[in-house]
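Structural characterization, general
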Amino acid sequence: MQHSQLSDARDRFDRRAFCKAGVATAVGLAGASFGSPFAYADLTQEQRDKMTPDEILQQMKAGNERFRSGKPLHRDLMREAQATAKGQYPAAIVFGCVDSRAPAELILDFGIGYIFSGRVAGNVADEDILGSMEFACKAAGSKVVLVMGHTACGAIKGAIDGVQLGNLTALLAKVRPAIEATRYTGERSAKNYEFVDAVARKNVSLTVTNIRERSAVLRDLESTGSIKIAGSMYNLETGVVEFLV
Ligand SMILES: [Zn+2]
């Protein structure tokens, strides 16, 4: 099983592309990260330049397909850790919810060093998150910002219910615009999962809009085609990540 997966030519190319995607704009010690069987230092300039934001999104879709079909890539995580210890070249930043059931690396089938991962309950972006995204894209060369909401989100339910609890109160208030902007004619309560998911979806789209409006750095990168900012929804039951591009 391991050998057949390791020898899969397409997967190897995918990994090569990913590994080299960040080389030109690497953070850390350039050239020091290769050494794992999944990292290739022999990729040509031409191959590296082929990686576009759209191709990275395709890699994400392919990874999610592997995850939900029960065929994730074999990984030697310790080797990946050692190979990336002195430098990282992530291709994207994924911004999701803290929910324990929605870990981006697992559901997109990425290893260590492939993506930056930011998580806040309800995936609402404050200036610290925006700064992290700017670091990922402008300083470290990532080419995709993917906002990931998910079904049955507790933060969305809490916001709908008007939960008040310490610092959580202010956090959930940032979800409120999504509730108000959600057009839904049925029961608008946290007990109605269809409504909860509709709000979560709207919340993703508002977060994407928010990123573009509040980050001139990311907006400029996107306007020149250097990066793509996209939304997505992860379904807890099916394992499917739906890309809202
Ligand atoms: Zn959540």
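Here goes a summary of the coordinates provided. Remember, predicted model here, so these are calculated numbers, not experimental data.

**Let's talk about the packing of helix α11 (residues 193–214) against helix α12 (residues 216–223)**
Viewed as axis vectors pointing N to C, α11 and α12 meet at an angle of 100°, and their least axial separation amounts to 5 Å. Comparing the axis directions of α11 and α12 gives the class roughly perpendicular. Seen from α11, the contacting residues are Ile211, Arg212, Glu213 and Arg214; seen from α12, they are Ala216, Leu218, Arg219 and Glu222. Among the residues forming the contact of α11 with α12, the class breakdown is 3 nonpolar, no polar and 5 charged.

**Examining the coordination of the zinc ion**
Taken together, Cys97 (SG), His150 (NE2) and Cys153 (SG) make up the full set of protein donors to the zinc ion, lying 2.0 to 2.3 Å away. We note that the donor set of the zinc ion lies within a single chain, spaced as C-x52-H-x2-C. One end of the pair, Cys97, is in the loop between β3 (92–96) and α6 (104–107); the other, Cys153, is in the loop between β5 (144–150) and α8 (154–161), and 56 residues separate them in sequence. With respect to burial, Cys97 and Cys153 carry one shared label: buried.

**Quick word on the nonpolar core**
Core analysis: the biggest nonpolar cluster contains 40 residues, and Met133, Val145, Ile156, Ile160, Ile211 and Leu218 have the highest contact counts within it. Per-element accounting of this core gives the leading share, 7 residues, to α11. If sequence neighbours within four positions are ignored, Ile160 has contacts with Ile179, Arg188, Ser189, Ala190, Phe195, Val196 and Val199. One finds Ile56, Leu57, Phe110 and Phe243 within the second-largest nonpolar core, a separate group that totals 21 residues.

**Concerning the pairing of β3**
Taken across its 5 residues, β3 has 5 buried, putting it largely inside the fold. Residues Ala92, Val94 and Gly96 line one face of β3 and the alternating positions Ile93 and Phe95 line the opposite face, and both faces are buried. One ladder, built from 5 bridges, connects β3 with strand β4 (residues 115–119); its direction is parallel. Each residue of the ladder has a partner; that of Val94, found in β4, is Ser117.

**Digging into unusual backbone geometry**
The phi angle at Asp109 is positive, at roughly 55°, despite the residue not being glycine. Tracing the chain through its elements places Asp109 in the loop between α6 and β4. At Ala152, a residue that is not glycine, the phi angle is positive and equals roughly 50°. Position of Ala152 relative to the elements: it lies in the loop between β5 and α8. Ala152 gets classed as buried once you look at its relative accessible area, which sits at 15%.

**What to know about the packing of helix α7 (residues 127–139) against α12**
Between α7 and α12, the shortest axis-to-axis distance is 9 Å and the interhelical angle comes to 40°. Comparing the axis directions of α7 and α12 gives the class oblique. The interaxial crossing formed by α7 with α12 has left-handed handedness. Every residue of α12 that contacts α7 at Met133, Glu134, Cys137 and Lys138 is listed here: Val217, Leu218 and Leu221. Of the residues belonging to the contact of α7 with α12, the class tally is 5 nonpolar, no polar and 2 charged.

Rules behind the numbers
- Residues numbered from 1 in each chain as written.
- Predicted model: local features only at pLDDT ≥ 70, side-chain atom pairs only at ≥ 80, totals over all residues.
- Heavy atoms only, no water.
- Axes fitted to C-alpha atoms, helices over the stretch in contact; angles between N-to-C directions.
- Helix = DSSP H or I, 4+ residues; strand = E, 2+ residues; numbered from the N terminus.
- Parallel < 35°, antiparallel > 145°, perpendicular 65-115°, else oblique.
- Contact = heavy atoms within 4.5 Å.
- Nonpolar A, V, L, I, M, F, W, Y, C, P; charged D, E, K, R; others polar.
- Donors = N, O, S within 2.8 Å, 3.2 Å for Na, K, Ca; no water.
- Buried < 20%, exposed > 50% of the residue type's maximum accessible area, 1.4 Å probe, protein only.
- Core = buried A, V, L, I, M, F, W, Y, C linked by side-chain atoms within 4.5 Å.
- Pairing = 2+ DSSP bridges.
- Left-handed = near helix turned anticlockwise from the far one by under 90°.

As far as function goes, none of this settles anything; it's purely spatial.
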